[in-house]
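Each chain is listed here by its residues.
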Amino acid sequence: MAEFLQFAFSGLTVGAVYALVALGFTLIYNASDVVNFAQGDFVMIGGMSTVFLYATGVPLPLAAIIAILTAVIVGLLLHRLAIEPARGASPVTLIIITIGASMFIRGVAQIVFDKQFHQLPAFSGDRPIEILGATLLPQSLWVLGGGLAVFVALWLFLERTLIGKAVLATAANRLGARLVGINTAVILAIAFGVSASIGALAGVLATPITLTRFDLGTIMTLKGFAAAMLGGMGSPLGAVVGGLLLGLIEAFGAGYISSVYKDGFSFIAILVVLFVMPRGLFGGRSVERV
Amino acid sequence: MLTVEGLKARYGRIEALKGVDLTVGAGEIVALVGANGAGKTTLLRTISGIEPAAAGRIVFEGQPIERLASHVRVARGISQSPEGRQVFAPLSVEDNLRLGGYRRRDGAAAATADLERCFTLFPILKERRRQAAGSLSGGQQQMLAIGRALMAAPKLLLLDEPSLGLAPVIVDQILAAITRLRSEGMTVLLVEQNAAAALAIADRGYVLELGTVTLTGTGRALLDDPKVREAYLGV
């Protein structure tokens, strides 16, 4: 029982990070049909910037805020310099542009930061909380709490505000959106900025547990993308469920079977789900009459 | 209210509009008829700012607007129900209508009042208000597209092919709604392939052929014109 709980805790913690990356995917996808393969690099920017600012003596909360703002600026630049000039290109072209942007960001990060692994101190100490024989790090609660807060905020934004609806409208029909007076370039910029801030927040929260390095973005993008596909691309709820599920599958697979195949378990699970439900767990409702 | 002078627009190397002159006075229904490919949709898109004008002027309420972005033109009071409806399929009917009022800055009460006016004009939309727009029938989607354009509280309403592909009984409902809007003081520029129906409710009309206005007159006069009767009315 203690062992089971232990695996569950670590699965949920990692899963919450995947969920945050997947939420970032969801937002940009909703606004533009683009899958942003630089999404994981925002996680790296968030973590690495915080580490380096903290090392120069900036207090941790301030360092985290500056790091998130840095990621937002990178997100806005990505939109302005790479996505906006290619306006009207097919989603596949735009996706390839984001892959190129991701390589560029990693290259710059190597120069601006370094090639070492880095860690941050835990926000509320390292003393583990014991629950039924299993232990939970306080930092895990930060990660889970952050994931929950972002999910609720994003859901309220998309479902309850007119600007959030405008994001969905821009994705649903660009021409229709322009004709009701939505400035679609601004909507896309908002999506990239908010998405970058979500990714960077994930990086800040997870770095005390998972370490960070200039090339962390690659694996984060892969896992976040897998989580978003698992839950159903475009659905915030799907992103969260997909992320947590992916984390749990990895933790239990690694714990009970073999940690060598940790990544394999999650990708096999995704293949099975997509065979049975091609739109993912929560992407099913697409009724359209033409 | 709207004056278009020498307007030219291109699709790639093809000149879709070759210098169009047209005016719409306040409170008028003006019909624009012509064959497929005559440039009718391009003209409306250029007035809305979706397509750039290659040359010429568009003057709205005394101000040149041909350089303004499309969202600014909506804020000035020009809104369009486009060809093919272009509704936001995954969003609910009510969300579609609320988004129609995206640019208005006159408060929630006014927007809600206009929402009720839309529901009075097209009661079926009220019944379906929680349903996804993509699940509506073609005629209902057309009503939604017109309702969405009205939610911007426009001074000038552009309607592109509102009768396209619809059953005759639905076409009659939509034409009745347009006539009713005029009686409430709305100004309408109506683009139609169904020339007989459009000219019958229009105060004035223009015939567009290959990017040029070839005939203009009152709706009645155009309906009686032998060239129009032969080319567009099939009699």
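Residues numbered from 1 in each chain as written. Chains lettered and ligands numbered in written order. Predicted model: local features only at pLDDT ≥ 70, side-chain atom pairs only at ≥ 80, totals over all residues. Heavy atoms only, no water.

Caption draft 1: Quick peek at the overall build of chain A. When helices and strands are tallied, chain A shows eleven helices and two strands. Ordered by position in the sequence, the α and β elements of chain A form the string α-α-α-α-β-β-α-α-α-α-α-α-α. Over its C-alpha trace chain A gives a radius of gyration of 19 Å, about what one expects of a compact globule, namely 19 Å for 290 residues. Across the 290 residues of chain A, 51% fall into the buried class. A sequence separation of at least 24 residues applies to 75% of the contacts in chain A between residues at least 6 apart. About 12,900 Å² of surface is accessible on chain A, with carbon and sulfur atoms providing 70% of the total. (Helix = DSSP H or I, 4+ residues; strand = E, 2+ residues; numbered from the N terminus. Rg over C-alpha atoms; globule rule 2.2 N^0.38 Å. Buried < 20%, exposed > 50% of the residue type's maximum accessible area, 1.4 Å probe, protein only. Contact = heavy atoms within 4.5 Å. Areas by Shrake-Rupley, 256 points an atom, 1.4 Å probe, with all protein chains shown as cover.)

Caption draft 2: Structural view of the overall build of chain B. Per the secondary structure count, chain B includes ten helices and ten strands. Rg of the C-alpha trace for chain B: 17 Å, near the compact-globule value of 18 Å for 235 residues, within the 12% margin. Along the first, second and third principal axes, the C-alpha atoms of chain B reach 45 × 40 × 35 Å. Residues classed as buried in chain B amount to 56% of the 235 residues present. With the model as given, the accessible surface of chain B reaches about 9,500 Å², and the carbon-plus-sulfur share is 52%. In chain B, the 28 positive side-chain charges and the 24 negative ones have mean positions that sit 5 Å from each other. (Lys, Arg positive; Asp, Glu negative; His and termini not counted. Charge placed at Lys NZ, Arg CZ, Asp CG, Glu CD.)

Caption draft 3: Structural view of the environment of Ile65(A). Checked against the element boundaries, Ile65(A) lands in helix 3 (residues 60–83). Classification of Ile65(A) by relative accessible area gives partly exposed; the value is 49%.

Caption draft 4: Geometry of the interface of chain A and chain B. Every contact between the two is made by 21 residues of chain A and, on the other side, 27 residues of chain B. One can count one salt bridge joining chain A with chain B. A salt bridge links Asp95(B) to Lys165(A); the shortest N-O distance between them is 3.0 Å. Where chain A meets chain B, there are four residue pairs in polar contact (both at pLDDT 80 or more). Elements represented by at least two residues in the side of chain A that touches chain B include exactly helix 6 (162–172) and helix 7 (174–179) of chain A. At seven residues, helix 6 of chain A tops the list of elements feeding residues into the side of chain A that touches chain B. Here the side of chain A that touches chain B is composed, by residue class, of 13 nonpolar, four polar and four charged. (Salt bridge = Lys/Arg side-chain N within 4 Å of Asp/Glu carboxyl O. Polar contact = N/O pair within 3.5 Å; in protein donor to acceptor, adjacent residues only side chain to side chain. Nonpolar A, V, L, I, M, F, W, Y, C, P; charged D, E, K, R; others polar.)

Caption draft 5: Highlighting unusual backbone geometry. Residues and elements named next belong to chain B. The backbone phi angle of Arg85 is positive, close to 70 degrees, even though this residue is not glycine. Take Arg85: it is sitting in the loop between strand 6 (78–81) and helix 3 (93–100). Of note, Gln86 is a non-glycine position whose phi angle comes to about 55 degrees, a positive value. Mapped onto the elements, Gln86 comes out in the loop between strand 6 and helix 3.

Caption draft 6: Structural detail: the domain arrangement of chain B. Residues and elements named next belong to chain B. Examined at the domain level, chain B breaks down into domain 1 (2–77 + 155–233) and domain 2 (85–151). A separation of 23 Å is found between the C-alpha centroids of domain 1 and domain 2. Facing the 17 residues of domain 1 at the interface are 13 residues of domain 2. Among the residues of domain 1 in contact with domain 2, Ile174, Arg180 and Leu181 are the three that bury the most area, contributing 28% of the side total. For the pair domain 1 and domain 2, the interface holds one salt bridge. The partner of Arg117 in a salt bridge is Glu184, and the shortest N-O contact between them spans 3.3 Å. Remark: the boundary between domain 1 and domain 2 carries two residue pairs in polar contact (both at pLDDT 80 or more). Elements supplying a minimum of two residues to the side of domain 1 that touches domain 2: helix 2 (70–76), strand 7 (156–160) and helix 7 (168–183). In terms of residues, the side of domain 1 that touches domain 2 owes the most to one element, helix 7, which gives six residues. (Domains from an automatic or database assignment. Buried area = accessible area lost by both parts, 1.4 Å probe.)

Caption draft 7: Geometry of the nonpolar core. Ranked by internal contacts, the top residues of the largest apolar core, which has 72 residues, are Leu23(A), Met44(A), Ile182(A), Leu246(A), Phe88(B) and Leu99(B). With near-sequence residues (within four places) excluded, Leu246(A) lies in contact with Tyr18(A), Lys223(A), Ala226(A), Ala227(A), Leu230(A), Ser266(A) and Ile270(A). Grouped together as the second largest cluster of nonpolar side chains are 45 residues, Leu136(B), Met151(B), Ile174(B) and Ala177(B) included. (Core = buried A, V, L, I, M, F, W, Y, C linked by side-chain atoms within 4.5 Å.)

Caption draft 8: Spotlight on the packing of helix 10 (residues 236–257) of chain A against helix 11 (residues 262–276) of chain A. Residues and elements named next belong to chain A. Viewed as axis vectors pointing N to C, helix 10 and helix 11 meet at an angle of 130 degrees, and their least axial separation amounts to 8 Å. One way to sum up the angle between helix 10 and helix 11 is to call them oblique. Crossing handedness for the pair helix 10 and helix 11: right-handed. The segment helix 10 lies against helix 11, with Leu246, Ile249, Glu250, Gly253, Ala254 and Ile257 engaging Lys262, Asp263, Phe265, Ser266, Ala269 and Ile270. Among the residues forming the contact of helix 10 with helix 11, the class breakdown is seven nonpolar, two polar and three charged. (Axes fitted to C-alpha atoms, helices over the stretch in contact; angles between N-to-C directions. Parallel < 35°, antiparallel > 145°, perpendicular 65-115°, else oblique. Left-handed = near helix turned anticlockwise from the far one by under 90°.)

Caption draft 9: Here's a closer look at the sheet that holds strand 1 (residues 2–11) of chain B. Residues and elements named next belong to chain B. If you walk across this open sheet you meet the four strands as 2-1-4-5, and the pairing is antiparallel. Each edge of the sheet is formed by a strand with only one pairing partner; in this case those strands are strand 2 (14–24) and strand 5 (63–64). With eight bridges joining them, strand 1 and strand 2 adopt antiparallel strand pairing. Opposite Ala9, over in strand 2, you have Leu17 as the bridge partner. This element, helix 1 (residues 40–48), spans strand 1, strand 2 and strand 4 (55–60) of the sheet and lies at about 110 degrees to strand 1. (Pairing = 2+ DSSP bridges.)

Caption draft 10: Structural view of the packing of aromatic side chains. With the rule as written, the count across this model stands at nine aromatic pairs over all chains. Measuring from centroid to centroid gives 6.3 Å for Phe25(A) and Phe37(A), while their planes differ by 75 degrees, and the two rings are edge-to-face. One end of the pair, Phe25(A), is in helix 1 (residues 2–32); the other, Phe37(A), is in the loop between helix 1 and helix 2 (39–55), with twelve residues separating them in the sequence. Both residues of the pair, Phe25(A) and Phe37(A), count as buried. Three or more aromatic residues joined by ring pairs form one cluster here, namely Phe4(A), Phe7(A), Phe252(A) and Tyr256(A). Between Arg148(B) and the ring centre of Phe88(B), over which it is positioned, the NZ or CZ distance is 4.7 Å. (Phe/Tyr/Trp six-rings, centres within 6.5 Å; stacked < 30°, edge-to-face > 60°. Lys NZ or Arg CZ within 6 Å of the ring centre and 35° of its normal.)

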